[in-house]
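An overview of the molecular structure
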Amino acid sequence: MKPLMFLSGIGLVIFPALLAIQRPVYTPAPVQMANPLPMAVPTDCASVEGLAQVVCLADAFKATLNREQVAALQLPYSKTDAVKWSNFPEFGGRPRRVGIRLGLLNPVQLKAAKALMGAVMAQHVPNEGFDELDGNLAADEYFGKTTGKTDTFSPGNYFLAYLGTPSTTGLWELQFGGHHYAFANTYNYGKVTGVTPSFRGVEPMAAITVNGRSYQPVEQERQAFAMVLSGLTNTEQTKAKLASTFRDVLLGPDRDGQFPVTKQGLRVGDLPAAKQTLVLNAIRLYVNDLDPATAATVLARYTAGLPETYLGYSGSETLSQSGDYVRLDGPGIWLEYSAQPSRDFPGTVHPHSVWRDRTSDYGGN
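By the naming in an unreviewed UniProt entry, the protein chain goes by DUF3500 domain-containing protein and is assigned to Spirosoma agri.

Below is the structure:
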């Protein structure tokens, strides 16, 4: 098991920093946080690798729970529960998710849960993979403290669920999610059969600093897409420009299987090789959030399909203004990034970004 990076420690302090491009006008005072999350792995699963290690860590986490907690975590596999993800926070008027709430875990249990998530994500990459998840949780705590809505926006308001019993042979899904975050790895026949739907977002979009560490999850994705769009010629931009405008992603929660029949925009295969590489770089920032072995398999498929992937956008090429939108639609990949106006941080925008797959959402189930 690789060592993990965690956001939390005793006396966690967050400072806002302005984005170079976005320049939010809201500048709150530093907020003192107090939500220590331990770091140690609760059991030694280092002697096994790959899916066997994931199952080992899943079992180790489950072993720390009491009977009622196991009942919340461990559910039979069903598509009905698999689709219960959202980009919205969980609150009384909008109950949605299944699984166990992180805020109900004690420190030992929380360590075990994070060890499991660390095994299925990339590590040691700033603002990507597990570090991006940490940054998302930090941002949500900042959001809650700054707005006084800590019951809704908090690292404790994220959920972890097993749909099906973790094993190296059977069908099951590891589901994790909360405000602006959804993770769904589906396993069957001893391999990963799906890694989507996957949602990324963050608010505020501006960088925050936690114990001397700066987090700005999703900013690298914005920059990568902006490089793609700004690198297009006028003719290419005209072809990529979509006729519609978008206030949010098209295929968020509850929009399963509603892929457009006809792909729109500019065919990536018609771009010079260097510009195709920029598109692939944007895809990598999503795929490489996963553990390296899983990411390599997924990226190979998307690379093969890159020439038949279509690039479309609306709004500005910077993706830093309200209503800016970009989409990649390929044989498998469906990737959207949308700049949203903020209600709680006036004058700023924040991203909603969803990654789906035309053939393997929910493992193809």
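Having seen the structure, we can now continue with the description.
A count of helices and strands for the protein chain gives nine helices and 16 strands. Looking at the protein chain alone, contacts between residues at least 24 apart form 67% of all its contacts between residues at least 6 apart. As presented, the protein chain carries roughly 14300 Å² of accessible surface, and 55% of it is formed by carbon and sulfur atoms.

Tallying each qualifying case throughout the model produces one disulfide. Through a disulfide, C45 is tied to C56; the S-S separation comes to 2.0 Å. Between C45 and C56, the disulfide has an S-S torsion of -75 degrees and is therefore left-handed. Residue C45 is found in the loop between β2 (31-33) and α1 (50-63), and its partner C56 is found in helix α1; the two are separated by eleven residues along the sequence.

Right, let's get into the pattern of salt bridges. Tallying each qualifying case throughout the model produces 16 salt bridges. In this structure, E219 engages R222 in a salt bridge whose closest nitrogen and oxygen atoms are separated by 2.7 Å. Taken as a pair, E219 and R222 lie in helix α6 (residues 219-230) at a separation of three residues, close to a single helical turn. E308 is the partner of R267 in a salt bridge, and the nearest nitrogen-oxygen pair spans 2.6 Å. Of this pair, R267 sits in strand β12 (residues 266-267) while E308 sits in the loop between α9 (292-304) and β13 (310-314); the two residues are 41 residues apart in sequence, bridging distant segments of the chain. Classification of E308 by relative accessible area gives partly exposed; the value is 38%. One salt-bridge network, in which partners are shared between bridges, spans E132, R200 and D289.

Next up on the list: the pairing of strand β9 (residues 198-201). Where burial is concerned, the two faces of β9 agree: the one with S198 and R200 and the one with F199 and G201 are both buried. As paired elements, strand β7 (residues 181-188) and β9 share two bridges and run antiparallel to each other. Across the sheet, the residue bridging to Y181 is R200, located in β9.

Let's shift gears to the packing of α6 against helix α8 (residues 273-287). It is the contact of α6 with α8, at a shortest axis distance of 8 Å, that shows an interaxial angle of 165 degrees. Taken together, α6 and α8 sit at an angle that is classed as roughly antiparallel. Handedness of the crossing formed by α6 with α8: left-handed. Only L278, V279, A282, L285 and Y286 of α8 make contact with α6, whose side of the interface consists of Q220, E221, A224, F225, M227 and V228. Broken down by class, the residue content of the contact of α6 with α8 amounts to nine nonpolar, one polar and one charged.

Glancing now at the packing of α8 against α9. In a packed pair of helices, the relevant descriptors are the angle between the two axes and the axis-to-axis distance. Remark: α8 packs on α9, axes separated minimally by 10 Å, with the N-to-C direction vectors making an angle of 150 degrees. One finds that α8 runs roughly antiparallel with respect to α9. For the crossing formed where α8 meets α9, the hand is right-handed. Contacts from L280, I283, R284 and V287 of α8 reach α9 at A295, V298, L299, Y302 and T303. Per-class residue counts for the contact of α8 with α9 are seven nonpolar, one polar and one charged.

Once that is clear, we can look at helix α5 (residues 129-147). Between its first and last C-alpha, α5 extends 27 Å over 19 residues, near the 27 Å set by a 1.5 Å rise per residue. Among the 19 residues that make up α5, 17 are buried, leaving the element largely enclosed by the rest of the structure. Backbone geometry just after α5 places G148 at a positive phi near 75 degrees.

Along the chain, T196 connects to P197 via a cis peptide bond; the corresponding omega equals 5 degrees. In this fold, P197 is placed in the loop between β8 (191-194) and β9. Residue P204 is bonded to the preceding E203 through a cis peptide linkage, with omega at 5 degrees. Within the element layout of this structure, P204 appears in the loop between β9 and β10 (208-210). Positive phi outside glycine occurs at N127, with the angle close to 65 degrees. Its place among the elements puts N127 in the loop between α4 (107-119) and α5.

This part is about the side chain of Q276. Inspection of the secondary structure puts Q276 in helix α8. Residue Q276 is classed as buried on the basis of its relative accessible area, which comes to 18%.

A word on the pairing of β13. Most of β13 sits inside the fold, with four of its five residues counted as buried. Summarising the sheet, β12 and β13 pair through two bridges and their orientation is antiparallel. Pairing of L266 across the sheet is with L311, part of β13. Bridge analysis of β13 against strand β14 (residues 325-329) gives five bridges, and the strand direction is antiparallel. Counted as the bridge partner of G312 is R327 from β14.

Thresholds, definitions, all that
Residues numbered from 1 in each chain as written. Predicted model: local features only at pLDDT ≥ 70, side-chain atom pairs only at ≥ 80, totals over all residues. Heavy atoms only, no water. Helix = DSSP H or I, 4+ residues; strand = E, 2+ residues; numbered from the N terminus. Contact = heavy atoms within 4.5 Å. Areas by Shrake-Rupley, 256 points an atom, 1.4 Å probe, with all protein chains shown as cover. Disulfide = S-S within 2.5 Å. Salt bridge = Lys/Arg side-chain N within 4 Å of Asp/Glu carboxyl O. Buried < 20%, exposed > 50% of the residue type's maximum accessible area, 1.4 Å probe, protein only. Pairing = 2+ DSSP bridges. Axes fitted to C-alpha atoms, helices over the stretch in contact; angles between N-to-C directions. Parallel < 35°, antiparallel > 145°, perpendicular 65-115°, else oblique. Left-handed = near helix turned anticlockwise from the far one by under 90°. Nonpolar A, V, L, I, M, F, W, Y, C, P; charged D, E, K, R; others polar. Expected span 1.5 Å × (residues − 1).

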